[in-house]
Amino acid sequence: MSPLDNARARLAALDQTTLAGLYRKSMLLTRDWSTDEVTTLADLAATFEAFDRAGVKTPLFPHELNYAAFFDNSTRTKSSWAGASARLGAHPVIVDGSSTQVEHGETAEETGAMLGMNAHALGVRHDLILGAGNRFMRDSKKGIDDYLAATGDERSVPIVNLQCDIDHPTQAMADLCWLRERFPDGLAGRTITMSWAYSPSYAKPLSVAQGIVTLMTRFGAHVRLAHPKGYELLPECLDAADRHAAESGGTFTVTDDMDAAFAGADVVYPKSWGPHDLMLERVAANERRDKAALADIEGRALARNRAFTDWICDERRMALTRGGDALYMHCLPADIGDEVTPGVMAKAKVDVSREANKKVYVIMALLAAAKAKDLPQRLAALL
Ligand code: CP
């Protein structure tokens, strides 16, 4: 099939009823969306990718401003936000969240109102403090929505969660798009292992692992979560994963044995996150803005990690997987030599880049579905 025919076929196959229901919808957690909605969003992302591969431009929102505030570092998600905005004809602006007036006490609701008045979409990354990031996004959304309603402004100004303390929806959706491409017959019956891995670099957020187990359990897969004792994920995410597995006919299991989690797996996703109790301890220290306490917690988290340097994705463990050749996934950046051996990463180099590339299309899909009422017709007109 030619790239153009592929773009046409993707567009024709979209579930227009479910897509219409995404108008004005923001994805703050994937678990807030139905499986039909998540699937339609992935279909729309694949459609934007097909348009891009066919060289069909999609300037749906010219002269608009897509503003994003990052309260933590990023390479991939920032460039995906900019790439998605540019492909949609909008102007991206990315600011360091710590340079906003939030540091000086401006509330999330006030920030949302200010940005909602000037911008046409708002992306936020706020992932390091449990209980804070997703709440900030919800409060910002309330600020935007209340301001628009009070001024009779009909614009749809969606919020995109570019990683919070609970979920990393654009990452998990990008990972889903990549898995759907690699397993075109579906994920049902496949074994997907989300494993903790050792990191000496920093105490990473829990949200990637939480996003993966919450989302991948929706499609009938056998999802395994592995981590050492003390690295538990948030109970609400484990509950969602349990529920999704039961509803989809899959399974969700938790183990503290990395080898057992790798045995026979089709997909492995070994990645670090911080110890549960210390991530909770960070909350109070952050509220007190106690930099010394935060540094002390970080030091203790890394010392705790050092007890588990053998939690590495190496050639021996990859040999335990199905056919010794599981699909290796990582959201990146990986700690090469600690989370994964250089040899395993070298073999997966192109795969993890292709995985990362899906995020630009996921963000395009989230923005376009939320902002364009008649999206299938507008996309058809571009072909
Ligand atoms: N995976 C991911 O979100 O990458 P960045 O932190 O570089 O955005």
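Quick look at the structure, then. The shown structure was predicted, so the numbers you read here are calculated from the model rather than taken from an experiment.

Turning our attention to the site of the ligand. Taken together, the neighbourhood of the ligand is formed by Asn73, Ser74, Thr75, Arg76, Thr77, Arg125, His168, Gln171, Cys331, Leu332 and Lys359. In the environment of the ligand, an oxygen atom lies 2.6 Å from a nitrogen or oxygen atom belonging to the side chain of Thr77. Taking Lys359, its side chain carries an N or O atom lying 3.1 Å from an oxygen atom of the ligand. About the coverage of the ligand: the protein hides 92% of its 260 Å² of free accessible area. Tallied by class, the residues present in the shell around the ligand amount to two nonpolar, six polar and three charged. Both domains that meet at the shell around the ligand, namely domain 1 (3-167 + 360-382) and domain 2 (170-357), each give it at least three residues.

Right, let's get into helix α9 (residues 235-248). Along an α-helix, residues three or four positions apart point the same way, because every turn accommodates 3.6 residues. Its 14 residues give α9 an end-to-end C-alpha distance of 20 Å, which sits within 8% of 20 Å, the value for a rise of 1.5 Å per residue. Among the residues making up α9, those that are buried are Cys237, Ala240, Ala241, His244 and Ala245. Burial along α9 is one-sided: seen end-on, the buried residues are contained in an arc of 130 degrees. Across α9 from its buried face, at more than 90 degrees, point the exposed residues Pro235, Ala246 and Glu247. Of the surrounding elements, those touching the buried residues of α9 are α8 (207-216) and β7 (251-255). Following α9 by one or two positions, Gly249 adopts a phi angle in the positive range, close to 85 degrees.

Read across the open sheet, the four strands follow the order β2-β1-β3-β4; overall the sheet is parallel. Looking at the sheet topology across the chains shown, the edges are occupied by β2 (91-96) and β4 (159-164). Strand-to-strand twist in this sheet, taken as the mean axis angle between neighbours without regard to direction, amounts to 15 degrees.

Pairing between strand β6 (residues 222-226) and β7: five bridges, direction parallel. Following the sheet pairing, Leu225 is matched in β7 by Val254. As for the winding sense of the linkage, the β-α-β connection from β6 through α9 to β7 is right-handed.

Turning our eyes to something else, we now look at the pattern of salt bridges. According to the stated counting rule, one finds 30 salt bridges in the structure shown. Put simply, Arg180 and Asp43 hold a salt bridge, and the shortest N to O gap is 2.5 Å. Of this pair, Arg180 sits in helix α7 (residues 169-182) while Asp43 is found in helix α3 (residues 35-53), placing the two residues 137 residues apart along the sequence. The class for Arg180 is partly exposed, based on a relative accessible area of 27%. Judged by its relative accessible area of 23%, Asp43 falls in the partly exposed class. Between Arg304 and Asp277 there is a salt bridge, and its shortest N-O distance comes to 3.1 Å. Of this pair, Arg304 sits in helix α12 (residues 291-305) while Asp277 sits in helix α11 (residues 276-287), and the two are 27 residues apart along the sequence. For Arg304, a relative accessible area of 30% corresponds to the partly exposed category. Accessibility expressed as a relative area gives 39% for Asp277, which makes it partly exposed.

What follows concerns the side chain of Thr111. The topology assignment puts Thr111 in helix α5 (residues 108-118). Of the polar contacts made by the side chain of Thr111, one reaches the side chain of Glu106; its length is 2.9 Å.

A sheet is described by the order of its strands in space; here five strands give the open sequence β7-β6-β5-β8-β9, paired in parallel fashion. Every other strand in the sheet has two partners, leaving β7 and β9 (327-328) as the edge strands with one partner each. Of the pairings in the sheet, the one linking strand β8 (residues 267-270) to β9 comprises two bridges and is parallel in character. The residue of β9 that forms the bridge with Val268 is Tyr328. Lying over the sheet, α8 contacts β5 (191-195), β6, β7 and β8, oriented at roughly 160 degrees with respect to β5.

Reading guide: rules and limits
Residues numbered from 1 in each chain as written. Predicted model: local features only at pLDDT ≥ 70, side-chain atom pairs only at ≥ 80, totals over all residues. Heavy atoms only, no water. Near = heavy atom within 4 Å. Polar contact = N/O pair within 3.5 Å; in protein donor to acceptor, adjacent residues only side chain to side chain. Areas by Shrake-Rupley, 256 points an atom, 1.4 Å probe, with all protein chains shown as cover. Nonpolar A, V, L, I, M, F, W, Y, C, P; charged D, E, K, R; others polar. Domains from an automatic or database assignment. Helix = DSSP H or I, 4+ residues; strand = E, 2+ residues; numbered from the N terminus. Expected span 1.5 Å × (residues − 1). Buried < 20%, exposed > 50% of the residue type's maximum accessible area, 1.4 Å probe, protein only. Arc of directions from axis to C-beta. Contact = heavy atoms within 4.5 Å. Pairing = 2+ DSSP bridges. Axes fitted to C-alpha atoms, helices over the stretch in contact; angles between N-to-C directions. Right-handed = clockwise from strand over helix to strand, strands pointing away. Salt bridge = Lys/Arg side-chain N within 4 Å of Asp/Glu carboxyl O.

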